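In case you want the letters, here they are:
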Amino acid sequence: MKREVVITPLAFCEIENLFEFLILKWNHQVKTKFSNKLHGIINLIAENPEMFPVSNKSRNIRRCVISNQCMLFYKFNDKHIVILSLFDTRQDPNKINKIK
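Keep in mind that this is a model prediction, so the values were computed, not measured.

### Quick word on helix H2 (residues 28–47)
- Over its 20 residues, H2 runs 29 Å from end to end, which matches the ideal 28 Å to within 8%, given 1.5 Å per residue.
- Listed in full, the buried residues belonging to H2 are Phe34, Ser35, Leu38, Ile41, Ile42, Ile45 and Ala46. Looking straight down H2, one finds that the buried residues subtend no more than 140° of arc, so they occupy a single side. Relative to its buried face, H2 has exposed residues pointing more than 90 degrees away, namely Gln29, Lys33, Asn36 and Glu47.
- The elements touched by buried residues of H2 are strand S1 (4–7), helix H1 (9–25), strand S2 (62–67), strand S3 (70–76) and strand S4 (80–88).
- Measuring from the backbone nitrogen of Gln29 back to the side-chain oxygen at the start of H2 gives 3.0 Å, which picks out Asn27 as the cap.

Structure (structure tokens):
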């Protein structure tokens with residue numbers, strides 16, 4: 001059963017910032033390629049949320065490595081997948097503790 005995907009305001013902002021960065025640093029093609037990869041992973045999570053490992057942060061938060069520079073954190077219940085954060089691994093690692 002596919003669950004409804006909910007993106008938190010924090011995650012939405014992080015996604016938008018990453019898209020802007022990709023366009024400025026590289027081009028629209030790179031942004032589109034990453035966007036397609038992100039959507040594919042979110043669809044996989046929606047169909048099988050236990051596919052990715054539990055994070056070290058919390059037992060009810062899971063993490064998915066999208067690229068060497070990016071991880072997706074999410075939690076789920078019977079009806080929803082909640083995207084908590086799209087974390088840039090080049091950031092201060094202590095920021096990961098703010099994900100709830």
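### Here's the deal with the pairing of S4
- Burial of S4 is extensive: seven of the nine residues sit out of reach of the surface.
- When S3 meets S4, the two strands line up antiparallel, connected through seven bridges. Of the residues in S4, the one forming a bridge with Cys70 is Asp88.
- The antiparallel pairing of S3 with S4 creates a hairpin that spans three residues between the two strands.

### Remarks on the layout of surface pockets
- Here the largest pocket defines a volume of roughly 430 Å³.
- Lining the largest pocket are 19 residues, with Leu18, Leu22, Phe34, Ser67 and Arg90 positioned closest to its centre.
- For the lining of the largest pocket, the elements supplying multiple residues, two or more each, are H1, H2, S2 and S4.
- With five residues, the top contributor of residues to the lining of the largest pocket is H1.
- Looking at the lining of the largest pocket residue by residue, the class counts come to ten nonpolar, four polar and five charged.

Definitions and cut-offs
- Residues numbered from 1 in each chain as written.
- Predicted model: local features only at pLDDT ≥ 70, side-chain atom pairs only at ≥ 80, totals over all residues.
- Heavy atoms only, no water.
- Helix = DSSP H or I, 4+ residues; strand = E, 2+ residues; numbered from the N terminus.
- Expected span 1.5 Å × (residues − 1).
- Buried < 20%, exposed > 50% of the residue type's maximum accessible area, 1.4 Å probe, protein only.
- Arc of directions from axis to C-beta.
- Contact = heavy atoms within 4.5 Å.
- Polar contact = N/O pair within 3.5 Å; in protein donor to acceptor, adjacent residues only side chain to side chain.
- Pairing = 2+ DSSP bridges.
- 1 Å grid on protein atoms, 1.4 Å probe; cavity = no way out; pocket = protein on both sides within 12 Å on 5 of 7 lines; lining within 4 Å.
- Points joined across faces, edges and corners; volume = space filled by probe spheres on them.
- Nonpolar A, V, L, I, M, F, W, Y, C, P; charged D, E, K, R; others polar.

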